[in-house]
Amino acid sequence: MKMYLYNSFFSAENIEILQDSFLPLLKGVLSYTIPLTLISFFIGIIIAVVTAVCRISGIKLLSGIARVYVSIIRGTPLLVQLFIVFFGLGNLGIDALKFEPFTGAVIAFSLNTGAYASEIIRASILSIEKGQWEASSSIGMSYFQSLKRVILPQATRVSIPPLSNSFIGLVKETSLASTILVSEMFRKAQEIVATTYTPLLVYVEAAAIYWVICFVLSLIQERIEIRLNRYVKT
């Protein structure tokens, strides 16, 4: 029975389907999955830094706004956020912006990444000893000068491992963009399945590609962490 399943899965017809579907899936990765991940993560990190600084600023208004933003994003599913951005904004009269699916996905993923990453960055900043703030203040640095020149560089090293995990997670989460018709890899897989009627075969191939991408990113993450740890006093 096992041999029959093996032979049927790796039949000549299935091998041909795998070969024919590989390039469209790879095109989806290069054209949409990777750009969507990179752009969303970059914008998300900017949002995260601003949000984290607002949370620790001590200014109640800014801290409150940041707290509500993080609470809303963390308390609602990413899929719902995608739908609100792409389908819901039209009901608010924002049709003039003419959101493309890719643009809507970038907005949703950036906001989502920004909320989660802000907590990582905030925790990293708070992990720096208070003496660092006091030392920089004693030589005449302002609050923001201390934050920029002393605190953030140290917090960056602390935050890189969890932020790297967030980046890898974002690669997989981009598959949700298929629900708003972004032609990333999973959307390509759905289109192929609609014509070949081989869901198990094609989806396993897509999963394998996701795994390879995440595996390579994990190796890069390990190398970065090893390099950073060279400068840590033990």
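So, about the overall build of the protein. From N to C terminus, the protein includes nine helices and zero strands. Tracing the protein from N to C terminus, the helices and strands come up as α-α-α-α-α-α-α-α-α. Per-residue burial for the protein yields a buried fraction of 37% across its 234 residues. Split by element, the accessible area of the protein, about 14,000 Å² in all, is 67% carbon and sulfur.

This part is about the side chain of Ser164. Tracing the backbone through its elements, the reader meets Ser164 in helix H7 (residues 143–173). On the basis of relative accessibility, which here comes to 16%, the residue Ser164 falls in the buried class. A distance of 2.8 Å separates a polar atom in the side chain of Ser164 from the backbone oxygen of Ile160.

Given a rise of 1.5 Å per residue, 31 residues ought to cover 45 Å, and the 44 Å separating the end C-alpha atoms of helix H9 (residues 199–229) matches this to within 8%. Regarding H9, the residues found buried are Leu201, Val202, Glu205, Ala206, Ile209, Tyr210, Ile213, Cys214, Leu217 and Gln221.

Membership of the largest hydrophobic core comes to 48 residues, with the highest contact counts inside it found for Ala105, Phe109 and Ile125. Put simply, the parts of the chain that give this core at least two residues each are helix H2 (12–56), helix H4 (78–88), helix H5 (101–126), H7, helix H8 (185–196) and H9. The element contributing the most residues to this core is H2, with ten residues. Residues within four places of Phe109 in sequence aside, it is in contact with Leu36, Ser40, Leu78, Leu82, Leu170, Glu173, Thr174 and Ala177.

What follows deals with the packing of H2 against H7. Between H2 and H7, the least distance of the axes is 11 Å, while the angle of their chain directions is 140°. Classified by the angle between their axes, H2 and H7 sit oblique to one another. You can see that H2 and H7 cross each other, and the crossing is right-handed. Judged by residue contacts, Thr33, Thr37, Leu38, Ser40, Phe41, Ile45, Val53 and Ile56 of H2 engage Tyr143, Phe144, Leu147, Leu163, Ser166, Phe167, Leu170 and Val171 from H7. Here the residues of the contact of H2 with H7 sort into twelve nonpolar, four polar and no charged.

This paragraph deals with the confidence of the model for the protein. Within the protein, residue pLDDT values average 86, and 90% of them lie at 70 or more. The spread of mean pLDDT over the elements of the protein runs between helix H1 (residues 2–9), the lowest at 54, and helix H3 (residues 60–74), the highest at 95.

Attention now moves to unusual backbone geometry. Although it is not a glycine, Leu181 adopts a positive phi angle of roughly 70°. Mapped onto the elements, Leu181 comes out in the loop between H7 and H8.

All right, on to the side chain of Thr51 then. Counting through the fold element by element, Thr51 comes out in helix H2. The class of Thr51 is buried, set by a relative accessible area of 7%. Setting aside chain neighbours within four positions, we find Thr51 in contact with Ala66, Tyr69, Val70 and Ser118.

With that settled, consider the pattern of salt bridges. For side chains bearing opposite charge, pairing can occur when the charged atoms are close. Within this structure, the stated rule accounts for four salt bridges. Put simply, Arg55 and Glu119 hold a salt bridge, and the shortest N to O gap is 2.9 Å. One end of the pair, Arg55, is in helix H2; the other, Glu119, is in helix H5, and 64 residues separate them in sequence. Overall, Glu119 belongs to the buried group, its relative accessible area being 16%. Put simply, Arg74 and Glu119 hold a salt bridge, and the shortest N to O gap is 3.5 Å. Taken as a pair, Arg74 in helix H3 and Glu119 in helix H5 lie far apart in primary sequence, 45 residues in all. Each of the salt bridges in this network shares a partner with another, and the network as a whole consists of Arg55, Arg74, Glu119 and Arg122.

Cut-offs applied
- Residues numbered from 1 in each chain as written.
- Predicted model: local features only at pLDDT ≥ 70, side-chain atom pairs only at ≥ 80, totals over all residues.
- Heavy atoms only, no water.
- Helix = DSSP H or I, 4+ residues; strand = E, 2+ residues; numbered from the N terminus.
- Buried < 20%, exposed > 50% of the residue type's maximum accessible area, 1.4 Å probe, protein only.
- Areas by Shrake-Rupley, 256 points an atom, 1.4 Å probe, with all protein chains shown as cover.
- Polar contact = N/O pair within 3.5 Å; in protein donor to acceptor, adjacent residues only side chain to side chain.
- Expected span 1.5 Å × (residues − 1).
- Core = buried A, V, L, I, M, F, W, Y, C linked by side-chain atoms within 4.5 Å.
- Contact = heavy atoms within 4.5 Å.
- Axes fitted to C-alpha atoms, helices over the stretch in contact; angles between N-to-C directions.
- Parallel < 35°, antiparallel > 145°, perpendicular 65-115°, else oblique.
- Left-handed = near helix turned anticlockwise from the far one by under 90°.
- Nonpolar A, V, L, I, M, F, W, Y, C, P; charged D, E, K, R; others polar.
- pLDDT = per-residue confidence, 0-100.
- Salt bridge = Lys/Arg side-chain N within 4 Å of Asp/Glu carboxyl O.

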